[in-house]
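This is what each chain is made of:
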Amino acid sequence: MNSQTVLVTGGAGYIGSHACVELLQAGFNVVVVDNLCNSKSEALARVQQITGKTLQFYQADIRDPLALANIFEQEAIDTVIHFAGLKAVGESCQQPLRYYENNVYGSMVLIEAMQQANVKQLVFSSSATVYGEPPSVQYVEHFPLSPINPYGRTKAMIEDMLRDVSAADQLVKPENPWKIALLRYFNPIGAHASGLIGEDPNGIPNNLMPYVSQVAIGKLAQLSVFGDDYPTPDGTGIRDYIHVVDLVKGHIKAITALQSDKFAAGGCQAYNLGAGKGYSVLDMVKAFERVTGQTINYKIAPRRAGDLAEFFADPSLALQELDWQVEKTLDDMVADTWAWQTKNPQGYQ
Ligand code: NAD
Ligand code: UD1
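So, a few notes on the structure that sits alongside this text. Since the structure is predicted, the reported quantities are computational estimates derived from the model, not experimental observations.

Cut-offs used in this document
Residues numbered from 1 in each chain as written. Chains lettered and ligands numbered in written order. Predicted model: local features only at pLDDT ≥ 70, side-chain atom pairs only at ≥ 80, totals over all residues. Heavy atoms only, no water. Helix = DSSP H or I, 4+ residues; strand = E, 2+ residues; numbered from the N terminus. Expected span 1.5 Å × (residues − 1). Buried < 20%, exposed > 50% of the residue type's maximum accessible area, 1.4 Å probe, protein only. Pairing = 2+ DSSP bridges. Axes fitted to C-alpha atoms, helices over the stretch in contact; angles between N-to-C directions. Contact = heavy atoms within 4.5 Å. Salt bridge = Lys/Arg side-chain N within 4 Å of Asp/Glu carboxyl O. Core = buried A, V, L, I, M, F, W, Y, C linked by side-chain atoms within 4.5 Å. Parallel < 35°, antiparallel > 145°, perpendicular 65-115°, else oblique. Left-handed = near helix turned anticlockwise from the far one by under 90°. Nonpolar A, V, L, I, M, F, W, Y, C, P; charged D, E, K, R; others polar. 1 Å grid on protein atoms, 1.4 Å probe; cavity = no way out; pocket = protein on both sides within 12 Å on 5 of 7 lines; lining within 4 Å. Points joined across faces, edges and corners; volume = space filled by probe spheres on them. Near = heavy atom within 4 Å. Polar contact = N/O pair within 3.5 Å; in protein donor to acceptor, adjacent residues only side chain to side chain. Areas by Shrake-Rupley, 256 points an atom, 1.4 Å probe, with all protein chains shown as cover.

### A short note on helix α9 (residues 281-292)
Structural remark: α-helix, 3.6 residues per turn; residues separated by three or four positions point the same way. Taking 1.5 Å per residue as the helical rise, α9 with its 12 residues ought to reach 16 Å, and the 17 Å between its terminal C-alpha atoms agrees with that figure. Turning to α9, its buried residues number three or more, namely Val 281, Leu 282, Met 284, Val 285, Ala 287, Phe 288 and Thr 292. Phi turns positive, to about 75°, at Gly 293, one or two residues after α9.

Here's what the structure looks like:
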């Protein structure tokens, strides 16, 4: 039995709640800190319902150093998984300072609190968006980073900060170094197979799958397919969709790797978490129709500003060093999205 304790920042959110389930099922003790700015505590109740286990919840903001100090004092934390952050690209263009303050400054406060508490194992939620527009559509970790929006820049800045903190500490405290995994997610979709937890976007969804499932259930009238003139086989955009449960399993693999010989001398390493395979918008619509038996009403609309034609992961480093790869299929992603949508047409409300 695993008796380690993991602090999950943003644990009430979409990915964080799925991580809590997998952590509890793997035998970890789980402590969550979340200010509920984009989530509901009901998600944590459901996590406990699914697992039959309890977790400790602190409703607090990661920008509050006293709140964090209190958590590290009360709980014997071994590792932190840092999900807390704002994530809407469009909103980050309208309110850049809010994003820098929440994501970058929030991460600084967290890192400082960890340093004070001598907790130096960290798994960080980064994003494929840090790559910007690299030379190839299959992204490899060593590609230069050039994010094209404020949200992406907050992720790249946090990555830089963590690399700097880790390097500095390796020089002064080689006996107790930072061990950090930067996990660059591709396009997480789907939900827990129970249909009890899933993605609960505020208002009209921006992302493809939540939008498609709300069209299928009749909440939204029609999907706009943003562009059918991209240089892809059917002209629509291609992305690397990854089941959220596969994604969170990658975090547990990362914790194991941080505690292995590979990280004995510390370090900060980025890993792509994706399937290594892309599907087009129309592939996703067809899969949704096939798996659910629903018809998706859609129209072709102009391209969305800032969208790339195609990108997907080279996930070989995660396989090699974390022993991780995706297990779920496209049909699993669709079926689980649909189970969540039909069981919770109004989300957690
Ligand atoms: P989410 O909004 O559902 O979850 C984020 C959680 O963090 C929410 O519960 C929110 O209340 C909390 N939070 C935000 N700021 C906070 C603060 N200052 N203090 C305490 N809690 C705070 O988002 P998600 O989809 O679960 O994403 C989790 C992480 O993964 C984010 O960092 C996001 O940028 C990153 N990410 C997500 C995706 C995606 O497609 N969902 C892709 C790449 C990376
Ligand atoms: C977006 C974010 C990215 C974030 C990711 C999380 C942008 C520019 N990028 O990526 O930073 O990490 O979400 O999952 O916002 N599409 C439609 N109609 C819709 C919605 C989407 O055709 O109503 C298309 C898009 O043009 C794209 C594909 O579906 O080709 C996927 O879109 P989306 O789910 O928004 O993800 P990304 O744009 O890849």
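### Side note on the sheet that holds strand β4 (residues 79-82)
Taken in spatial order, the seven strands line up as β3-β2-β1-β4-β5-β7-β12 in an open sheet, and their pairing is parallel. Each end of this open sheet is capped by a strand with a single partner; those strands are β3 (56-59) and β12 (267-273). Neighbour to neighbour, the strand axes of the sheet diverge by 20° on average, direction disregarded. Inspection of the sheet shows strand β5 (residues 121-127) paired to strand β7 (residues 179-185) by seven bridges, in the parallel sense. Along β7, the bridge assignment pairs Leu 122 with Ile 180. Lying on the sheet, helix α8 (residues 244-258) is in contact with β1 (5-9), β4, β5, β7 and β12; it crosses β7 at an angle near 160°.

### Observations concerning the pattern of salt bridges
Counted under the stated rule, the structure contains 16 salt bridges. Note that Glu 199 is salt-bridged to Lys 87, the shortest N-O span being 3.8 Å. Of this pair, Glu 199 sits in the loop between β8 (187-189) and α7 (208-216) while Lys 87 sits in the loop between β4 and α4 (89-94); the two residues are 112 residues apart in sequence, bridging distant segments of the chain. Across the pair Arg 304 and Asp 307 runs a salt bridge, and its minimum N-O distance is 3.1 Å. With relative accessibility at 35%, the residue Arg 304 sits in the partly exposed group. Overall, the relative accessible area of 24% leaves Asp 307 in the partly exposed class.

### Things to note about the nonpolar core
Leu 23 and Leu 183 are the most contacted members of the largest nonpolar core, which totals 46 residues. At the level of secondary structure, the elements contributing two or more residues to this core comprise β1, α1 (14-25), β2 (29-34), α2 (42-51), β7, α8, β12 and α10 (316-322). Val 104, Val 109, Met 161 and Ile 180 belong to the second largest nonpolar core, which has 30 residues in total.

### Structural notes on the packing of α7 against helix α11 (residues 330-343)
Axis separation between α7 and α11 bottoms out at 10 Å; the angle between their running directions is 55°. Taken together, α7 and α11 sit at an angle that is classed as oblique. Remark: the crossing between α7 and α11 carries right-handed chirality. Packed against α7, whose contacting residues are Met 209, Ser 213, Gln 214 and Ala 216, the element α11 presents Val 334, Thr 337, Trp 338 and Gln 341 at the interface. When its residues are assigned to classes, the contact of α7 with α11 shows four nonpolar, four polar and no charged.

### Description of the layout of surface pockets
In this structure, the second largest pocket encloses a volume near 300 Å³. Sorting the residues of the lining of the second largest pocket by element identifies α7 and α11 as the ones contributing at least two each. Counting residues per element, the lining of the second largest pocket draws most heavily on α7, which supplies four residues. For the lining of the second largest pocket, the per-class residue count stands at eight nonpolar, 11 polar and four charged.

### Section: helix α6 (residues 150-172)
Between its first and last C-alpha, α6 extends 33 Å over 23 residues, near the 33 Å set by a 1.5 Å rise per residue. For α6, the complete set of buried residues consists of Pro 150, Tyr 151, Gly 152, Thr 154, Lys 155, Ala 156, Ile 158, Glu 159, Met 161, Leu 162, Ser 166 and Asp 169. Considering only its buried residues, α6 is in contact with α4, α5 (96-117), β5, β7 and β12.

### Some points on the site of ligand 2
Near ligand 2 you find 18 residues, and of these Leu 208, Ser 224, Arg 239, Arg 304 and Asp 307 are the closest. With respect to ligand 2, the backbone of Phe 226 contributes an N or O atom lying 2.8 Å from an oxygen atom. Take Arg 304: an N or O atom from its side chain is 2.8 Å from an oxygen atom of ligand 2. Protein contacts shield 87% of the accessible area of ligand 2, which totals 730 Å² for the unbound molecule. Of the residues forming the shell around ligand 2, the biggest block, four residues, is contributed by strand β9 (residues 223-226).

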